[in-house]
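Here is what each chain is made of, one letter per residue.
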Amino acid sequence: MNRILTALQPSGILHIGNLFGAIEPMVGLQSDENENLLFAVDYHAITVPQKPAELRRNILFATATYLAVGIDPTKTILFQQSRVSEHTELAWILNCIAHMGELERMTQFKDKSQGNDLSVSVGLFDYPVLMASDILLYDTNVVPVGADQKQHVELARDLAERFNNRFGETFVVPTPQIRKEGARIMGLDDPEKKMSKSATSEKNYISIMDDEATVLKKIKSAVTDSQSTIMYDEKRKGLANLLTIYSLVTNTHVNQIASEYEGKGYGDFKVGLAEAISDYLTPLQEKIKGYLANEDELINILDQGAQRAKAIASKKMEVVRQKIGVQL
Ligand code: TYM
């Protein structure tokens, strides 16, 4: 049996990068041979200021989205990170074997702190250790993530190996799983940088909840180039990104899409792409709204998930406490 685990921050919007990089791969990996865990990392979200009422809403929204995309709570343990206190407990222990230097090298911290190291929270700096704890607590074999999280999963591997060397075999060393297409959806307004929910402009991303008019407006303003042919060429980064999105929402190869636009220009292509995205998102949005209308049911699913996760996590923590010598 393979244990497969991933998590997303319930902060603000979820965009199509999150969907293609992590949620969809997780749905594809649900099977009787795997044991899957998916959770909303609310304690990661508070590494930057959050309004309590919004955070609560975002946790429910994230849960509704996972279910709408196809997560089946009978096959995947679906829960909220803060409900399983072993995550933060193990994070403390891992903090004591992690090195300042390796955390300082994390590119996401460098990007997010942008040199303001003195005013960012300690939590933001320590965030990858909590993520390592999320993964190692469950003896996870495979972690499906977008390309931006690879470095964090590698830190989890390093910490697992360091702990095992120091205290004897305890943790499974996890492997990141990064899909070929869709693991790095780029910003619409800047195809050099990844699509990001913390982007300053809304034109950077397509939110899962964007309506048809918004999608069309954003796609029309997406940065491309001055060439006139529609063809897949990695060097034409804006177009390559749009073709990748087109391919993901229609499940069609990029070259086939490009051939459908032979002799046509960006105008037709962008209208076609916006339509394809909305055709993909509209039914999903209906499902999300349906799940959100029944909050008690969502809370019930999360409660049950937390109980199942806790049963695994508490057993693991007993072993960890024993290994480090605090269990009398
Ligand atoms: P987060 O919430 O920033 O992103 C959630 C997932 O979406 C992927 N992703 C993308 N994929 C493709 N293109 C993009 N532009 C794009 N932007 C984001 C991310 O790679 C991620 O897979 N630290 C993590 C959450 C986390 C976690 C974990 C993940 C906490 N504990 C344990 C796996 C295992 C984060 O902030 O992801």
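Located above this text is the structure these notes cover.
Described in the following lines is the structure provided in the data block. (Residues numbered from 1 in each chain as written. Predicted model: local features only at pLDDT ≥ 70, side-chain atom pairs only at ≥ 80, totals over all residues. Heavy atoms only, no water.)

**A closer look at the pairing of strand S2 (residues 34-40)**
Line of reasoning, step 1. S2 sits mainly inside the fold: 6 of its 7 residues count as buried.
Line of reasoning, step 2. Where strand S1 (residues 2-8) and S2 come together, 7 bridges link them in parallel fashion. Residue pairing across strands places Ile4 opposite Asn36, the latter belonging to S2.
Line of reasoning, step 3. The parallel pair S1 and S2 is bridged by helix H1 (residues 16-28), and the resulting crossover is right-handed.
Line of reasoning, step 4. The sheet contact formed by S2 and strand S3 (residues 76-80) spans 5 bridges and is parallel. Directly across from Asn36, in S3, lies its bridge partner Thr76. (Buried < 20%, exposed > 50% of the residue type's maximum accessible area, 1.4 Å probe, protein only. Helix = DSSP H or I, 4+ residues; strand = E, 2+ residues; numbered from the N terminus. Pairing = 2+ DSSP bridges. Right-handed = clockwise from strand over helix to strand, strands pointing away.)

**Overview of the packing of H1 against helix H12 (residues 266-292)**
Each pair of packed helices can be described by the angle between their axes along with the distance between the axes.
Line of reasoning, step 1. The contact between H1 and H12 brings their axes to 13 Å, and the two run at 70°. By the angle between their directions, the pair H1 and H12 is classed as roughly perpendicular. Contacts between H1 and H12 pair Ile16, Leu19, Phe20 and Glu24 from the former with Tyr280, Leu281 and Leu284 from the latter. (Axes fitted to C-alpha atoms, helices over the stretch in contact; angles between N-to-C directions. Parallel < 35°, antiparallel > 145°, perpendicular 65-115°, else oblique. Contact = heavy atoms within 4.5 Å.)

**Considering unusual backbone geometry**
Line of reasoning, step 1. Notably, Asp139 is not glycine yet its phi reads approximately 50°, a positive angle.
Line of reasoning, step 2. For Asp139, the position within the fold is in the loop between helix H7 (122-136) and strand S4 (142-144).

**Concerning the nonpolar core**
Line of reasoning, step 1. Residues Tyr66, Ile219, Phe269 and Ile277 are the most contacted members of the largest nonpolar core, which totals 53 residues.
Line of reasoning, step 2. Considering every element that reaches this core, the biggest residue donor is H12, with 9 residues.
Line of reasoning, step 3. Both domains that furnish three or more residues to this core are identified here as domain 1 (2-184 + 295-324) and domain 2 (209-289).
Line of reasoning, step 4. When neighbours within four sequence positions are excluded, Phe269 is seen to be in contact with Ile230, Leu239, Leu242, Leu243, Tyr246, Ile257 and Tyr261.
Line of reasoning, step 5. Residues Val84, Leu124, Val145 and Ala306 belong to the second largest nonpolar core, which totals 39 residues. (Core = buried A, V, L, I, M, F, W, Y, C linked by side-chain atoms within 4.5 Å. Domains from an automatic or database assignment.)

**Brief notes about the site of the ligand**
Line of reasoning, step 1. Around the ligand, the surrounding shell holds 28 residues, and the nearest of these are Tyr127, Asp134, Gly146, Asp148 and Ile185.
Line of reasoning, step 2. Contact between the ligand and Asn18: an oxygen atom at 3.1 Å from a side-chain N or O atom of the residue.
Line of reasoning, step 3. One of the backbone nitrogen or oxygen atoms of Ile185 is found 2.8 Å away from a nitrogen atom of the ligand.
Line of reasoning, step 4. Here the ligand has 710 Å² of accessible area as a free molecule, and 98% of this is covered by the chains. (Near = heavy atom within 4 Å. Polar contact = N/O pair within 3.5 Å; in protein donor to acceptor, adjacent residues only side chain to side chain. Areas by Shrake-Rupley, 256 points an atom, 1.4 Å probe, with all protein chains shown as cover.)

**As for the side chain of Lys218**
Line of reasoning, step 1. Mapping Lys218 onto the fold places it in helix H9 (residues 212-220).
Line of reasoning, step 2. Here the side chain of Lys218 touches Glu202 through a polar contact of 3.2 Å, landing on its backbone oxygen.
Line of reasoning, step 3. Once you skip the residues sitting within four places of it in the chain, Lys218 turns out to touch Leu188, Glu202, Tyr205, Ile206, Ser207 and Asp210.

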